[in-house]
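# Tertiary structure, described
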Amino acid sequence: MTSERAASPYPDSAEEFRQRVQEFLSAQLPAGWNGLGSIPTEEQVVFIDAWRATLHRNNLLAVSWPESYGGAGLTPLDQLVLAEEFTKAGVPQGGLNDNFSIQMLGSTLLKFGTEDQKQYYLPRILSKDDVWCQGFSEPEAGSDLAGVRTRAHRDGDEWVIEGQKTWTSYGHLATHIFVLCRTDPDAVRHRGLSLLLVKIDQPGVTLRPLKTLTGEEEFNEVFFDGARCAVESIVGEVNDGWRMAMTLLGFERGEAAATLPMKFGQDLERLVQLAIRYDKAGDDTVRQRLARSAEGVEQMRSMGMRAVSQWVNGHEIGAESSIHKLFWSEWLQETTELAMDIMGIDGIIPTGDGLQGMSFPAAEAGTPNTSGAWADYFLRARAATIYAGSSEIQRNIIGERILGLPKDAR
Ligand SMILES: Cc1cc2nc3c(=O)[nH]c(=O)nc-3n(C[C@H](O)[C@H](O)[C@H](O)COP(=O)(O)OP(=O)(O)OC[C@H]3O[C@@H](n4cnc5c(N)ncnc54)[C@H](O)[C@@H]3O)c2cc1C
């Protein structure tokens, strides 16, 4: 056992897998590779597509899925090790939609899907025959998902869907959408929902792009006007969609608890260099704010290790994940605000490469230390306290489920 391995909190088997991942990375990545952020924006999309295909060929897209569904049959700890090494190397773990396809839907199907659904959908997700996006939020139902109004009714062997979804990230890149809809209009709120698997390319589904603050078309409105799917395209039982949705959202975080602090550590290093470059490293306020950022990274690392050790041991993270979500999203806003303050006027006249869409939710390793990149990152960070559960909602969850405070009046 090497001294490095002795110092690792991971068992030998995981460290052996880490070595394999490192060898894979050095064999596959171009010489001098410095992270996705270091290549020009227009090349990033091409790189991600090719990289995803390489991962698929080497069975590294969903290493902890059973082999019978196209996975590698390894453990969740191996999956975590892979995520850590990929984050360090500045390469993604899949394509732009794989958070929806693999982490969210794939994991939910593994838990609740029928055998037919698993056999059919899971290999198609990995081969990219099916690319998924998430159709949960509606104009009047984001935080309050139980208020979903998109309806589905039975017509023979099919469900017929009417309604509207919004903020559908990467919907324009997807072939399919998982839709939370109301299948029993008379049942009380969350009791009458179902989760349906719907093809996008069919009459009755219309996508309209929405522009983000950074000027990109990253998400969409989706309109359903008599769209159809087979009755078997339901995950779980009819009217059990709330439980499916909560499970699926639980998979949204996964190993991010361990990998986000790594990315944020890289951001912080760039920020310190920025402060030195702008001759602000001696400024007391800047020093205090940098120290606070550094403290935040360490706190996230400790919280992440705790969450991840629960997760790899098969326990659900539960309400505690709200603390992480709240913490990292607010850290990101504070830290990118600090970058803007350090740059002063340069922050509003950005120059150099930006991030432009490829660095969601945190900047990628190798991102240039330009005012363009920081200004873009600052703008993107505004949304971090909204998506994946807003800060107000996280505070309610922490108050009610962790601290045991009386329920908020609704
Ligand atoms: C970048 C981005 C990408 C997204 N991608 C997707 C996607 O791919 N698919 C998808 O389905 N959705 C997506 N969303 C939607 C996201 O999940 C919702 O925006 C989020 O759940 C908040 O809902 P809302 O926007 O309807 O705000 P609302 O729920 O209307 O909330 C408005 C404000 O009121 C507060 N509030 C609401 N209820 C309470 C309460 N009970 N107590 C205290 N405060 C409250 C909220 O915290 C918020 O500040 C995305 C959003 C963003 C910003």
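Residues numbered from 1 in each chain as written. Predicted model: local features only at pLDDT ≥ 70, side-chain atom pairs only at ≥ 80, totals over all residues. Heavy atoms only, no water.

The number of helices and strands found in the protein is 12 helices and 8 strands. Considering only residue pairs separated by 6 or more positions, the protein has 73% of its internal contacts joining residues 24 or more positions apart. Of the roughly 19300 Å² of accessible surface on the protein, 52% is carried by carbon and sulfur atoms. (Helix = DSSP H or I, 4+ residues; strand = E, 2+ residues; numbered from the N terminus. Contact = heavy atoms within 4.5 Å. Areas by Shrake-Rupley, 256 points an atom, 1.4 Å probe, with all protein chains shown as cover.)

It is worth spelling out the side chain of Thr108 at this point. Looking at where Thr108 falls in the secondary structure, it is placed in helix 5 (residues 98–112). Sequence-distant contacts of Thr108, that is, excluding residues within four places in its chain, are made with Gly113, Val235, Met244, Thr247, Leu248 and Phe251.

For the structure shown, the criterion picks out 25 salt bridges. A salt bridge links Lys165 to Glu138; the shortest N-O distance between them is 2.8 Å. Of this pair, Lys165 sits in strand 3 (residues 158–169) while Glu138 sits in the loop between strand 1 (132–135) and strand 2 (151–155), placing them 27 residues apart in sequence. In this pair, the class of Lys165 matches that of Glu138, namely buried. A salt bridge links Arg395 to Glu330; the nearest nitrogen and oxygen atoms lie 3.1 Å apart. One end of the pair, Arg395, is in helix 12 (residues 391–402); the other, Glu330, is in helix 10 (residues 321–343), with 65 residues separating them in the sequence. (Salt bridge = Lys/Arg side-chain N within 4 Å of Asp/Glu carboxyl O. Buried < 20%, exposed > 50% of the residue type's maximum accessible area, 1.4 Å probe, protein only.)

Moving on to the packing of aromatic side chains. Counting across every chain of the model gives 13 aromatic pairs. With a centroid separation of 5.9 Å and an interplanar angle of 45°, the aromatic rings of Phe24 and Trp51 are classed as tilted. In this pair, Phe24 is assigned in helix 2 (residues 12–28) and Trp51 in helix 3 (residues 41–57), connecting sequence segments 27 residues apart. Taking relative accessible area as the criterion, Phe24 reaches 12% and is therefore assigned buried. You can call Trp51 buried: its relative accessible area is 3%. A ring pair is formed by Trp132 and Phe178, whose centres lie 6.3 Å apart and whose planes are at 35°; its orientation type is tilted. Here the residue Trp132 occupies a position in strand 1, and Phe178 occupies one in strand 4 (residues 176–182), the gap between them amounting to 46 residues. Neither residue differs from the other here; Trp132 and Phe178 are each classed as buried. Among the aromatic residues, those joined into a cluster by ring pairs are Phe24, Trp33, Phe47, Trp51 and Phe86. Over the face of the ring belonging to Trp159 we find Arg154, whose NZ or CZ atom lies 5.9 Å from the ring centre. For Arg382, the ring lying beneath its charged end belongs to Phe378, and the centroid distance is 4.2 Å. (Phe/Tyr/Trp six-rings, centres within 6.5 Å; stacked < 30°, edge-to-face > 60°. Lys NZ or Arg CZ within 6 Å of the ring centre and 35° of its normal.)

What follows is about the domain arrangement of the protein. Looking at the assigned domains, one finds that the protein contains domain 1 (13–95), domain 2 (129–243) and domain 3 (253–403). Measuring from the centre of the C-alpha atoms in domain 1 to the corresponding centre in domain 2 gives 31 Å. (Domains from an automatic or database assignment.)

This part takes up the site of the ligand. By nearness alone, 19 residues border the ligand, and Ser137, Ser143, Trp167, Ser390 and Glu392 come closest of all. One of the side-chain nitrogen or oxygen atoms of Ser137 is found 2.8 Å away from a nitrogen atom of the ligand. Between the ligand and the protein, one listed contact pairs an oxygen atom with a side-chain N or O atom of Glu392 at 2.7 Å. Here the ligand has 970 Å² of accessible area as a free molecule, and 69% of this is covered by the chains. When residues of the shell around the ligand are traced back to their parent elements, those giving at least two are strand 3 and helix 12. (Near = heavy atom within 4 Å. Polar contact = N/O pair within 3.5 Å; in protein donor to acceptor, adjacent residues only side chain to side chain.)

Together, Ile323, Ile402, Leu403 and Leu405 line one region of the surface with nonpolar side chains, adding up to about 350 Å² of accessible area. Relative to the helices and strands, Ile323 is located in helix 10. The exposure class of Ile323 is partly exposed, given its relative accessible area of 30%. (Patch = residues over 30% accessible without salt bridge, like charges linked within 9 Å, V, L, I, M, F, W, Y side chains within 5 Å.)

It is worth spelling out the environment of Leu25 at this point. With respect to the secondary-structure elements, Leu25 resides in helix 2. Residue class for Leu25 comes out buried when judged on its relative accessible area of 7%. Along the sequence, Leu25 and Val179 sit 154 residues apart, while their C-alpha atoms lie 36 Å from each other. Leaving out residues up to four positions away in the same chain, Leu25 has contacts with Trp51, Glu85, Phe86, Ala89 and Val91.

Right, let's talk about the nonpolar core for a bit. Within the largest apolar cluster, 57 residues are counted, with the highest numbers of intra-cluster contacts made by Leu25, Trp51, Phe86, Val91 and Phe178. For this core, the leading source of residues is helix 4 (residues 76–89), giving 6 residues. Once residues lying within four places of it in the same chain are set aside, the contact partners of Trp51 are Phe24, Leu25, Gln28, Leu29, Phe86, Val91 and Pro92. (Core = buried A, V, L, I, M, F, W, Y, C linked by side-chain atoms within 4.5 Å.)

This paragraph deals with unusual backbone geometry. At Arg189, a position not held by glycine, the phi torsion is positive, near 25°. Looking at Arg189, the relative accessible area reads 43%, which means it is partly exposed. At Ala388, a residue that is not glycine, the phi angle is positive and equals roughly 55°. Ala388 sits in the partly exposed class, given a relative accessible area of 23%.

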